[in-house]
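Structural features, examined
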Amino acid sequence: MLLETRAQHFWPAGVVIALLVLLRRVIYPRRRKFDAATRREWARAAIDLVRRSGSVYNICEGASVEAVGEGRLDLKVVADASRQNFLASMHGGAISAAVDVSTTLAVFQEGTFPGASVSMTITYLAGCPPGAEIVAEARVVKIGRTLAFTECVVRRAADGVAMARGAHVKYVAAPRLYDLLLGWPRPVLATSVLRLALRFGLAGAITKRDFRARHDYEPHDAATERDTGLPRTDDGKRAYFDTFGAAGRAMQGWDRPLAGALALVAPYVSDEKAVEWDLIVGQAHVNTFGALHGGCAASLVDVLGSAVVAMGDPYECGVAVALDVQYAAPARKGQVLRWTAKVARRGGRLVTVSVAAVIAKTGRAVVSGSVTKSMRGLKKAAGSGKT
């Protein structure tokens, strides 16, 4: 009798506790670790999704996932003509896109929402020959409740030489439904939803986009850059960047999606004054979510820095050794971005350029960053009569 009385007295409290536990589970679902099979499936689905989007900045055209494991993913791409710089090595912007995409895939295949980029830093170590296979080895360092920290080494597949090292921070706070799906004991429901979305929803809409212009790159020419007709030399490269974005000037390789969208509006005067360009954000420049692609933004920091260096140096525009990008806000298709680039320091062998972008209509900051270029000292050599 006493036990029955106590049970009747305490059962409402038990129900309340159970409801609180359930409510906590709904508000803060416990993320389950993916097994190896699920991780592989999500990695394949993710690369299929970004490949179908068609944007060159997704760098998944002809790419393949080579290895998948807990917190790691290896992405192989080819440094074909669409990913080359003026001297036919892999473009610094293409390398930054490979870091961006591979680390995002590594985060996603862990069941984490892909989110948005917060910052990315790249250190460039070596180049590669035209058409070389490149492997981006992405590793997840830590995934917190709102931020994911990743790193990546980009290597030449043939000899394993490191071409670049990168670090990428992403904001990964997920919509509540996404977390609820992954709170199940096994992510079967989430994987099923992913399959349906790829088959009937997202994939169908994305494949309607038209990016046919990305396929018409001509074969490599070692002596002449075909799009511009300029020689593949330091003089040709400087001439290319000296008028970058000017009306009627052709763009080559990785820069081609900027043609017709980027316009020089305030030419170079001196290192003390900023050079300005306007970019109309088009379909070719956005990611799967319709915002300015992080790889596109990083590429612009790289090439606009090169342009300012070339405009202030009659001999060369250097080689990128470091890139640093911070992402402040998204920019949508149709918006006009005002890009500014100004020399922060021009030394004898190193030049650092600060680059930023704001929405032209509102002044809202979108991207800021810097690129450091290593100079060969051609000006000094020319002045001394040496070559």
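The structure under discussion appears in the preceding block.
These lines cover the structure that appears in this document, whether it is placed above or below. (Residues numbered from 1 in each chain as written. Predicted model: local features only at pLDDT ≥ 70, side-chain atom pairs only at ≥ 80, totals over all residues. Heavy atoms only, no water.)

1. As for the packing of aromatic side chains
Threshold: What counts as a ring pair is set by centres within 6.5 Å for rings of Phe, Tyr and Trp (its six-membered ring), and what kind of pair is set by the plane angle: stacked under 30 degrees, edge-to-face over 60, tilted for all other angles. Working definition: helices are DSSP H or I runs of at least four residues, strands are E runs of at least two. Numbering for both runs from the N terminus. Partly exposed describes any residue whose relative accessible area lies between the buried limit of under 20% and the exposed limit of over 50%, with all areas from a 1.4 Å probe on protein chains only and scaled to the type maximum.
By the definition in use, this model includes six aromatic pairs. With 6.4 Å between their ring centres and 50° between their planes, Phe113 and Phe289 make a pair best called tilted. Of this pair, Phe113 sits in the loop between α3 (92-108) and β3 (116-124) while Phe289 sits in the loop between β8 (275-280) and α7 (294-311), and the two are 176 residues apart along the sequence. On the basis of relative accessible area, Phe289 is assigned to the exposed category, the value being 51%. Taking the centre distance of 5.7 Å and the plane angle of 80° together, the rings of Tyr240 and Phe244 count as edge-to-face. Its relative accessible area of 3% is what places Tyr240 among the buried residues. By the ring-pair criterion, three or more aromatic residues cluster together here, those being Phe86, Tyr240, Phe241 and Phe244.

2. Some details on α7
Rule in force here: Given a helix with a known number of residues, its expected span is that number minus one, times 1.5 Å.
In this model α7 runs 26 Å from its N-terminal to its C-terminal C-alpha over 18 residues, within 8% of the 26 Å that 1.5 Å per residue would give. Taking burial as the measure, the 18 residues of α7 include 18 buried ones, the bulk of the element.

3. Considerations on the sheet that holds strand β10 (residues 336-346)
This is how the line gets drawn: Following DSSP output, two strands are said to pair if at least two bridges run between them. All axes here are fitted lines through C-alpha atoms, helices being fitted over the stretch that makes contact, and every angle between N-to-C directions spans 0 to 180 degrees.
Strand order in the open sheet made by the 12 strands is β1-β2-β4-β5-β6-β3-β9-β12-β11-β10-β8-β7, with antiparallel pairing throughout. A strand with exactly one partner marks an edge of an open sheet, and here the two such strands are β1 (64-69) and β7 (262-266). The mean inter-strand angle of the sheet, taken between neighbouring strand axes irrespective of direction, is 20°. Strand direction decides the pairing type here: strand β4 (residues 133-143) and strand β5 (residues 147-156), joined by nine bridges, are antiparallel.

4. Digging into the pattern of salt bridges
We apply this condition: A pairing counts as a salt bridge when a side-chain nitrogen of Lys or Arg comes within 4 Å of a carboxyl oxygen of Asp or Glu.
On inspection of all chains with the given rule, the structure shows 11 salt bridges. Ionic pairing is found between Asp74 and Arg139, a salt bridge with its closest N-O pair at 3.0 Å. One end of the pair, Asp74, is in strand β2 (residues 72-78); the other, Arg139, is in strand β4, and 65 residues separate them in sequence. When its relative accessible area of 27% is taken as the criterion, Arg139 is described as partly exposed. Between Arg155 and Glu137 there is a salt bridge whose closest N-O contact spans 3.1 Å. Taken together, the residues span a long stretch of sequence, with Arg155 in strand β5 and Glu137 in strand β4 at a distance of 18 residues. What makes Arg155 partly exposed here is its relative accessible area of 24%. Taken together, the salt bridges that share partners define one network made up of Glu66, Lys76 and Glu133.

5. Regarding the packing of helix α6 (residues 234-242) against α7
Here is the rule we go by: Working rule for angles: under 35 degrees goes down as roughly parallel, over 145 as roughly antiparallel, 65 to 115 as roughly perpendicular, anything else as oblique. In this description, contact between two residues means that some pair of their heavy atoms is separated by no more than 4.5 Å. Here the term charged refers only to Asp, Glu, Lys and Arg, the term nonpolar to Ala, Val, Leu, Ile, Met, Phe, Trp, Tyr, Cys and Pro, and the term polar to all other amino acids, Gly among them.
Running from N to C, α6 and α7 point in directions that differ by 105°, and their axes come no closer than 8 Å. Comparing their axes, α7 and α6 come out roughly perpendicular. Here α6 contributes Arg238, Phe241 and Asp242 to the contact with α7, which in turn contributes Val303, Ser306, Ala307, Ala310 and Met311. Within the contact of α6 with α7, the residues separate by chemical class into five nonpolar, one polar and two charged.

6. A closer look at the pairing of strand β12 (residues 365-374)
Two faces, one strand: in a regular strand the side chains alternate between the faces of the sheet. Among the 10 residues in β12, seven count as buried, and that is most of the element. Across eight bridges, the pairing between strand β9 (residues 319-327) and β12 is antiparallel. Bridging from a neighbouring strand, Asp324 pairs with Ser370 of β12. As defined by bridge partners, strand β11 (residues 350-359) adjoins β12 across nine bridges and the pair is classed as antiparallel. Note on β12: the bridge partner recorded for Val355 is Gly369. Remark: five residues form the turn of the hairpin made by β11 and β12, two consecutive strands paired antiparallel; Gly363 in that turn has positive phi of roughly 80°.

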